Amino acid sequence: MDNRLLSELCERYFAGTTSLDDERVLRQALSCLDADMLSAEMLAVKAMMEMSAVSEQERVSVRLRHTVTPSWRLRVAVAVALLAIILIPIYKLSQPTVYGYYNGEPITSLAEAEARAQDIFNNLAQAELPQVNTIESLFELN
């Protein structure tokens, strides 16, 4: 085989553009020639092809673990999350509404809360009014 054609096949091999037939021809041509007649590029191609042939003979069986089915831990976590999502609003809705506290006790009736608020406002209004009796007693002449 012509050295120019062999060099061109080596370049195409390095570029990754050779066909299987081209690689077969290149392998046969390189195996027929002595190492003294080959350039550094051709020696590299020959070594790579020999390594490729050796690695094709050595097969390693690899078994991948099938992970489509979720583990039991994931299932338990999802079940707990769903229960929490369902039960927390039910618990909150079952508790009475607290409108305020009076002497530390919760007021759960709206009417009672309004009555207590009105009492507080009335007491504040009474406290703000001036004491008429006190002022009159100052000006009283006895």
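Before reading on, note that the structure itself is shown above.
Predicted, not measured: the structure shown is a model, and the values here were computed from it.

How each quantity is defined
- Residues numbered from 1 in each chain as written.
- Predicted model: local features only at pLDDT ≥ 70, side-chain atom pairs only at ≥ 80, totals over all residues.
- Heavy atoms only, no water.
- Helix = DSSP H or I, 4+ residues; strand = E, 2+ residues; numbered from the N terminus.
- Buried < 20%, exposed > 50% of the residue type's maximum accessible area, 1.4 Å probe, protein only.
- Contact = heavy atoms within 4.5 Å.
- Patch = residues over 30% accessible without salt bridge, like charges linked within 9 Å, V, L, I, M, F, W, Y side chains within 5 Å.
- Areas by Shrake-Rupley, 256 points an atom, 1.4 Å probe, with all protein chains shown as cover.
- Salt bridge = Lys/Arg side-chain N within 4 Å of Asp/Glu carboxyl O.
- Core = buried A, V, L, I, M, F, W, Y, C linked by side-chain atoms within 4.5 Å.
- Phe/Tyr/Trp six-rings, centres within 6.5 Å; stacked < 30°, edge-to-face > 60°.
- Axes fitted to C-alpha atoms, helices over the stretch in contact; angles between N-to-C directions.
- Parallel < 35°, antiparallel > 145°, perpendicular 65-115°, else oblique.
- Left-handed = near helix turned anticlockwise from the far one by under 90°.
- Nonpolar A, V, L, I, M, F, W, Y, C, P; charged D, E, K, R; others polar.

Chemist: Hey, could you run me through the overall build of the chain in this one?
Modeler: Across its full length, the chain holds six helices and two strands. Mapped in sequence order, the helices and strands of the chain form the string α-α-α-α-β-β-α-α. When the 142 residues of the chain are sorted by exposure, 11% land in the buried category. Of the contacts formed within the chain by residues at least 6 apart in sequence, a portion of 33% connects residues at least 24 apart.

Chemist: Is there a simple way to explain a nonpolar patch on the surface in this structure?
Modeler: There is a patch of nonpolar side chains on the surface, built from Leu-74, Val-78, Leu-82, Leu-83, Ile-85, Ile-86, Leu-87 and Ile-90 and spanning about 780 Å² of accessible area. Mapped onto the elements of the fold, Leu-74 is located in helix H4 (residues 72-94).

Chemist: Just to check I follow, could you spell out the nonpolar core for this structure?
Modeler: As a rule of thumb, soluble globular proteins bury nonpolar side chains together. Leu-6, Leu-9, Cys-10, Tyr-13, Leu-26, Ala-29, Leu-30, Leu-38, Met-42, Val-45 and Met-49 together form the largest nonpolar core, which totals eleven residues. Sorting the residues of this core by element identifies helix H1 (3-15), helix H2 (20-32) and helix H3 (40-57) as the ones contributing at least two each. When residues of this core are assigned to their parent elements, the largest contribution, four residues, is made by H1. The contacts of Leu-38, once residues within four sequence positions are left out, are Leu-30, Leu-33, Leu-43 and Lys-46.

Chemist: Just checking my understanding: could you explain the pattern of salt bridges for this structure?
Modeler: A side chain with one charge can pair with a side chain of the opposite charge if their charged atoms come near. Here the structure, examined in full by the defined rule, presents three salt bridges. With a shortest N-O distance of 3.9 Å, Asp-21 and Arg-24 are connected by a salt bridge. Of the two residues, Asp-21 and Arg-24 are both situated in helix H2; the distance of three residues between them amounts to about one turn of the helix.

Chemist: How do you make sense of the packing of aromatic side chains when you look at a structure like this?
Modeler: Any pair of aromatic rings gets described here by the distance separating the centres and the angle formed by the planes. The tally for this structure, following the rule as stated, stands at one aromatic pair. Their ring planes at 65° and their centres at 6.3 Å tell us that Tyr-13 and Phe-14 sit as a pair that is edge-to-face. For Tyr-13, a relative accessible area of 17% corresponds to the buried category.

Chemist: Can you help me understand the packing of H1 against H3 in this one?
Modeler: Between two packed helices, both the angle of their axes relative to each other and the distance between the axes serve to describe the pair. Following both chains from N to C, one finds H1 and H3 inclined at 55°, their axes separated by 10 Å at the closest point. Between H1 and H3, the crossing angle belongs to the class labelled oblique. For the element pair H1 and H3, the recorded crossing hand is left-handed. Only Glu-41, Met-42, Ala-44, Val-45, Met-48 and Met-49 of H3 make contact with H1, whose side of the interface consists of Asn-3, Leu-6, Ser-7, Cys-10, Glu-11, Tyr-13 and Phe-14. Its residues assigned to classes, the contact of H1 with H3 shows nine nonpolar, two polar and two charged.

Chemist: What exactly am I supposed to notice about unusual backbone geometry here?
Modeler: Located in the positive-phi region is Asn-103, a residue other than glycine, with phi close to 55°. Mapped onto the secondary structure, Asn-103 falls in the loop between strand E1 (100-102) and strand E2 (105-107).

Chemist: Even after reading the chapter, I still don't get the packing of H1 against H2, so can you show me in this structure?
Modeler: At a minimum axis distance of 10 Å, the contact between H1 and H2 shows a crossing angle of 125°. The angle between H1 and H2 falls in the class oblique. Considering how the two elements wind past one another, H1 and H2 form a crossing that is left-handed. Contact with H1, carried on its side by Leu-6, Leu-9, Cys-10, Arg-12 and Tyr-13, involves Asp-22, Glu-23, Val-25, Leu-26, Ala-29 and Leu-30 of H2 and no other residues of that element. Here the contact of H1 with H2 is built from residues that sort into eight nonpolar, no polar and three charged.

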